[in-house]
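Structural overview for review
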Amino acid sequence: MTSSAADRSAAPAGQPAGSDAPQDPRSPGDARAAWTGAGIVAGLFGVALSWCAAAMLQVADNPVAAVAEQTVRLLPGPVAEFGIDLLGTADKPVFVVLILLVLAALCGWLGRLRRHGRIGPLTGFVVLAAVGGAAVLAQDGGWRPLVPVGAGLLGWIGALEVLSDPLRRTPVRRRGFLVAAGVLAVGAAALAVSGRLITGRRQVEEARRLLHLDGVTVPEVPTGVDPSAPVPWLTPAEEFYRIDTAFSPPAIDPDAWRLRVHGLVDRPVELSLADLMARELTEAWVTLSCVSNSVGGDLVGNAWWSGVRIATLLAELGVRPDADAVLQTSEDGWTCLTPLGALTDERNALLAVAMNGEPLSIEHGFPVRMVVPGLYGYVSATKWLVELEVTRFSDAEGYWTSRGWSAHGPVKLTSRIDVPASGETVPAGEVHLAGTAWQQHTGVEGVEVQVDGGGWQPADLALEPTVDSWVQWRLAVDLEPGEHRVAVRAISRTGDVQTGVERDVVPDGATGWHTVTFQVE
Ligand SMILES: Nc1nc2c(c(=O)[nH]1)N[C@H]1C(S)=C(S)[C@@H](COP(=O)(O)O)O[C@H]1N2
Ligand SMILES: [Mo]
């Protein structure tokens, strides 16, 4: 073809910087931007390639998710909590975007280094890949998760080679560069989309859809429950709060799932889902709440759970007398330690397979999770459960306990005002106050409301069918126009009055009365 002099005079790639590094004579700023762009596009391409490879190999965590997860693990506890507090349930997407931005910036810089030769960007990419490799190894172990990292590295190097070629010509081949960048960007998007389509999650969604769980019944909301309560009695799975450390929730094939029960027991076992379903099924209303819920917060939900009682199972296996705890491990390596007593007494501590009459959603622990009435989730409610080890508090530690949270996590007596909301304006006359209160497995006996610092008035409670779920309360009060302040407190079935002393969520749950201030006009 028309191989020009310019072609032949193009600097052989890989030569060190110097006179042969071509510059766009019209604008050095343009050239800089083009090299930065080349780095960023190459970066995106490599990330998309690794994500697609991870999906194809059904590796649970792609390298970016693994880096995100490991970074959070390395953060000091209070910093991680501050982040979760600040961002709430959006913490994970925000963090992943942050990591991608840092990566894009680094790749842009490596792109600029490419002007001066291959060694710089090559070293940079290898270092970045090493970070990703270390993160996936810390997650999963085994060689498989390393394949996507390798694919990403090759993607970075290859894409930058392709993009740097037109930029290194004299004169620079703008068109060639733009076409190559466009093709690679579209390729990256296509890889990302196909990764999404073939990810193991889709197959597991399908298996979940086809799964029939014998004996699981749809919830019948108890009569006596307030149907017009501002917060519904039953929390649908899609609205149920979600708290976990997983950047991509484990997608577990229900057929391949096994639960290993071992440790201080006479007869360790390994159970499949079919083994579990062959046992007697227990169903119950249980409210689940998070220790990180601040006063008035919404990290709490009530559901109809179906599952197998852990107490019966443990009794069959023969628990040794020196055991006092059970260490639970999830598919993604999260752990928590539960007092043995809470799993062997009369309460319905469950290996739950269904929530509100449906198999658990992937986000909420499919195929099997724990639900223990009366304990906060961080010490009891393991999702994607794969292992139970009967042990002793002196020999084991859970994920959050090793990060400064209390080893024991009994739920505190809590009440909340759901309407009116703080800052709301309501019409004068009879004002309807309503909310929820809970102390699972102890039960709520009464709820009292205080208006503008006056005396405590008893609220009406909707019938509570079990001590393991929340109660709904309401009270109508006559209020004059102006600003009003309402506080709430609960009284437990054991006669405790909810404390007004304000404490933070760390180490074992917040205390204090929920108070709202609103306008009446
Ligand atoms: N595998 C796993 N299980 C977990 C967690 C986790 O991070 N990983 N978080 C726990 C915490 S702190 C709470 S409050 C509950 C929340 O359950 P949900 O997301 O279904 O509401 O899950 C518990 N189970
Ligand atoms: Mo939690």
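You'll find the structure just up there.
A short tour of the structure in this document, coming up.

A few points about the overall build of the protein chain
Within the protein chain, the regular secondary structure consists of twelve helices and 19 strands. Once the C-alpha set of the protein chain is aligned to its principal axes, its extents read approximately 90 × 65 × 40 Å. For the protein chain, the computed accessible surface area is about 23400 Å², with 59% contributed by carbon and sulfur atoms. Computed over 39 positive and 58 negative side-chain charges, the separation of the two mean positions in the protein chain equals 14 Å.

Notes on helix α8 (residues 174–198)
Relative to the 36 Å expected for 25 residues at 1.5 Å per residue, α8 spans 36 Å between its end C-alpha atoms, a close match to the ideal helical length. Within α8, burial applies to F177, A180, A181, L184, A188, L191 and G195. Residues of α8 that are buried sit in contact with α2 (28–56) and α7 (146–168).

Describing the pattern of salt bridges
A full pass over the atoms with the stated rule returns 19 salt bridges. Note that E161 is salt-bridged to R118, the shortest N-O span being 2.9 Å. Residue E161 is found in helix α7, and its partner R118 is found in the loop between α5 (91–113) and α6 (119–139); the two are separated by 43 residues along the sequence. Overall, the relative accessible area of 25% leaves E161 in the partly exposed class. Put simply, R201 and E363 hold a salt bridge, and the shortest N to O gap is 2.9 Å.

A closer look at α6
The end-to-end C-alpha distance of α6, which contains 21 residues, comes to 30 Å, matching closely the 30 Å that a straight helix rising 1.5 Å per residue would cover. At its buried positions, α6 is contacted by α3 (63–74), α5 and α7.

Points about the nonpolar core
L276, L351 and V353 are the most contacted members of the largest nonpolar core, which totals 56 residues. For L351, the contacting residues outside a window of four places in its chain are L259, L276, S306, G307, V308, I310, L313, V368, R369, M370, L385 and L388. Counting residues in hydrophobic clusters, the runner-up holds 39 residues, among them A34, V47, V64 and A159.

A few points about the packing of α2 against α7
Between α2 and α7, whose axes approach to 7 Å, the crossing angle comes to 150°. Taken as axis vectors, α2 and α7 run roughly antiparallel relative to one another. Crossing angle aside, the handedness with which α2 passes α7 is right-handed. The residue makeup of the contact of α2 with α7, split by class, is 17 nonpolar, seven polar and one charged.

Points about the site of ligand 1
Close to ligand 1 lie 19 residues; Y241, T245, H364, R369 and K383 are nearest. One of the backbone nitrogen or oxygen atoms of A381 is found 3.0 Å away from a nitrogen atom of ligand 1. Between an oxygen atom of ligand 1 and a side-chain N or O atom of K383, the distance comes to 2.5 Å. In the complex, 99% of the free accessible area of ligand 1, which totals 540 Å², lies under the protein chains. Residues of the shell around ligand 1, tallied by class, amount to nine nonpolar, five polar and five charged.

Thoughts on the sheet that holds strand β6 (residues 335–339)
Read from one edge to the other, the open sheet built from five strands follows the order β2-β1-β10-β5-β6, with strand pairing classed as mixed. If you trace the sheet from one side to the other, it starts and ends with β2 (269–272) and β6, each paired once. Each neighbouring strand pair of the sheet contributes to a mean axis angle of 20°, computed without reference to strand direction. Both strand β1 (residues 258–263) and strand β10 (residues 385–391) contribute to a ladder of four bridges, which runs parallel. When the bridges of β10 are listed, G263 appears paired with V390. Sheet strands touched by helix α11 (residues 310–317): β1, β2, β5 (325–330) and β10. Its angle to β1, the strand with the most contacts, is close to 55°.

Details of the pairing of strand β18 (residues 482–492)
Among the eleven residues of β18, eight are classified as buried, and the element is accordingly described as predominantly covered. Examined bridge by bridge, strand β14 (residues 444–451) and β18 share seven bridges and lie antiparallel to one another. Within β18, the residue paired with V451 across the bridge is V486. Relative to strand β19 (residues 514–520), β18 runs antiparallel, the two being bridged by seven bridges.

Here we look at the state of the cysteines
What the rule picks out here adds up to zero disulfides. Of the cysteine sulfurs around C52, a residue in no disulfide, the closest is that of C107, at 18 Å. Take C107: its relative accessible area is 0%, and that puts it in the buried class.

How each quantity is defined
Chains are numbered independently. Their residues run from 1 in the order of the written sequence. Chains and ligands are labelled by the order in which they are written, letters from A for the one and numbers from 1 for the other. Per-residue local features of the predicted model are confined to residues with pLDDT of at least 70, and side-chain atom pairs are confined, for both listing and counting, to 80 or more; whole-chain, interface and lining totals are unaffected and use all residues. Only heavy atoms go into the side-chain values, all of them from the structure, while hydrogens and water stay out. We count a stretch as a helix when DSSP gives it H or I for four or more residues in a row; a strand needs E for two or more, and each element gets its number in order from the N terminus. Where accessible areas are quoted, they stem from the Shrake-Rupley method and a 1.4 Å probe; at the residue level, only the protein chains shown are allowed to cover. Charged-residue counts in this description rest on Lys and Arg as positive and Asp and Glu as negative, His and the chain ends being excluded. Every charge is mapped onto a representative atom, which is NZ of Lys, CZ of Arg, CG of Asp or CD of Glu. Here a helix's expected span is defined as the number of its residues, less one, multiplied by 1.5 Å. Burial here depends on accessible area, computed with a 1.4 Å probe over protein chains only, as a share of the maximum for the residue type. Under 20% is buried, over 50% is exposed, and the range in between is partly exposed. Contact criterion: two residues are considered in contact whenever any of their non-hydrogen atoms come within 4.5 Å of each other. The salt bridge definition used is simple: a Lys or Arg side-chain nitrogen within 4 Å of an Asp or Glu carboxyl oxygen. The criterion is simple. A nonpolar core is a set of buried Ala, Val, Leu, Ile, Met, Phe, Trp, Tyr and Cys residues joined through side-chain atoms within 4.5 Å. To obtain each axis, a line is fitted to C-alpha atoms, and for helices this fit is confined to the stretch in contact; angles are then taken between N-to-C directions over 0 to 180 degrees. Angles below 35 degrees are treated as roughly parallel, those above 145 as roughly antiparallel, those between 65 and 115 as roughly perpendicular, and all remaining angles as oblique. By definition, any crossing whose near helix is turned counterclockwise from its far helix by less than a right angle is left-handed, and any crossing with a clockwise turn is right-handed. Side-chain classes are defined by residue name, with Ala, Val, Leu, Ile, Met, Phe, Trp, Tyr, Cys and Pro counting as nonpolar, Asp, Glu, Lys and Arg as charged, and the others, Gly among them, as polar. By convention in these notes, a residue is near a molecule or strand provided one of its non-hydrogen atoms lies within 4 Å of it. In the analysis that follows, any N or O atom pair within 3.5 Å is treated as a polar contact, provided that within protein one partner can donate a hydrogen and the other can accept it, and provided that, for residues neighboring in sequence, both atoms belong to side chains. Pairing between strands requires that DSSP locate at least two bridges from one strand to the other. Two cysteine sulfurs form what is called a disulfide whenever their separation falls within 2.5 Å.

Keep in mind that these numbers describe shape and distance, not what the molecule does.
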